Amino acid sequence: MSVQPVHRADDDPRVPAIARSIQAVGNALSSEKRLAFYAEVLGAEAGEPINLVIETWWREAMLDQLPGRAERLADALARRGGVTLEELTARAGGLD
């Protein structure tokens, strides 16, 4: 029996965490999204409104780190590569 890991650390499919701060979220976004983020942050009131802006854009920044996300979004919007409910049901062996 080996104590070697099954996957190397550099093969880790997880994306690195982004801190939930204005600076960290802004740095993680593309330049186009960063401009929109800062515009929303600057227009938000202190407290819950600004927290909601940061949380919303933090999620976007985290999702942007996923490999192939842009292509998957384009495929979904163009309705390419989708699977019908009937196909899913057939793959699962049907519904009882």
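Here, the structure is the one placed above.
The structure displayed is predicted, hence computed values, not measured ones.

(A) Structural detail: the overall build of the protein chain. Helices and strands together make up the secondary structure of the protein chain, namely five helices and zero strands. Element order for the protein chain, N to C, with α for helix and β for strand: α-α-α-α-α. Looking at the protein chain residue by residue over its 96 residues, the buried ones come to 16%. Residue pairs in contact within the protein chain that sit at least 24 positions apart in sequence constitute 48% of those at least 6 positions apart. Only carbon and sulfur atoms are counted for the fraction: they give 58% of the accessible area of the protein chain, which is about 7,900 Å².

(B) Here's a closer look at the packing of helix H2 (residues 31-43) against helix H3 (residues 48-64). Two numbers describe how H2 lies on H3: the axes approach to 9 Å, and their chain directions differ by 165 degrees. With respect to their mutual orientation, H2 and H3 come out roughly antiparallel. H3 is crossed by H2, and the crossing has left-handed handedness. Mapping the contact onto sequence places Lys33, Ala36, Phe37, Glu40 and Val41 in H2 and Ile50, Val53, Ile54, Trp57, Glu60 and Asp64 in H3. Grouping the amino acids of the contact of H2 with H3 by side-chain chemistry returns seven nonpolar, no polar and four charged.

(C) Representation of the packing of aromatic side chains. Applying the stated criterion to the full structure yields two aromatic pairs. An aromatic cluster of at least three residues, connected via ring pairs, comprises Phe37, Tyr38 and Trp57. Above the face of the Trp58 ring, Arg20 is positioned so that its terminal group lies 3.5 Å from the ring centre.

(D) Focus on a nonpolar patch on the surface. Together, Val83, Leu85 and Leu88 make up a nonpolar patch on the protein surface, roughly 280 Å² of accessible area in all. Locating Leu85 in the fold gives a position in helix H5 (residues 85-91).

(E) Up close: the nonpolar core. In this structure, Ile18, Val25, Leu29, Phe37, Val41, Ile50, Val53, Ile54, Trp57, Trp58, Ala61 and Met62 together form the largest nonpolar core, which totals twelve residues. Mapped by element, the contributors of at least two residues to this core are H2 and H3. Considering every element that reaches this core, the biggest residue donor is H3, with seven residues. When near neighbours in sequence (up to four residues on either side) are disregarded, Val53 contacts Phe37, Glu40, Val41 and Ala44.

Thresholds applied
Residues numbered from 1 in each chain as written. Predicted model: local features only at pLDDT ≥ 70, side-chain atom pairs only at ≥ 80, totals over all residues. Heavy atoms only, no water. Helix = DSSP H or I, 4+ residues; strand = E, 2+ residues; numbered from the N terminus. Buried < 20%, exposed > 50% of the residue type's maximum accessible area, 1.4 Å probe, protein only. Contact = heavy atoms within 4.5 Å. Areas by Shrake-Rupley, 256 points an atom, 1.4 Å probe, with all protein chains shown as cover. Axes fitted to C-alpha atoms, helices over the stretch in contact; angles between N-to-C directions. Parallel < 35°, antiparallel > 145°, perpendicular 65-115°, else oblique. Left-handed = near helix turned anticlockwise from the far one by under 90°. Nonpolar A, V, L, I, M, F, W, Y, C, P; charged D, E, K, R; others polar. Phe/Tyr/Trp six-rings, centres within 6.5 Å; stacked < 30°, edge-to-face > 60°. Lys NZ or Arg CZ within 6 Å of the ring centre and 35° of its normal. Patch = residues over 30% accessible without salt bridge, like charges linked within 9 Å, V, L, I, M, F, W, Y side chains within 5 Å. Salt bridge = Lys/Arg side-chain N within 4 Å of Asp/Glu carboxyl O. Core = buried A, V, L, I, M, F, W, Y, C linked by side-chain atoms within 4.5 Å.

The values reported here are purely geometric and, on their own, carry no functional implication.
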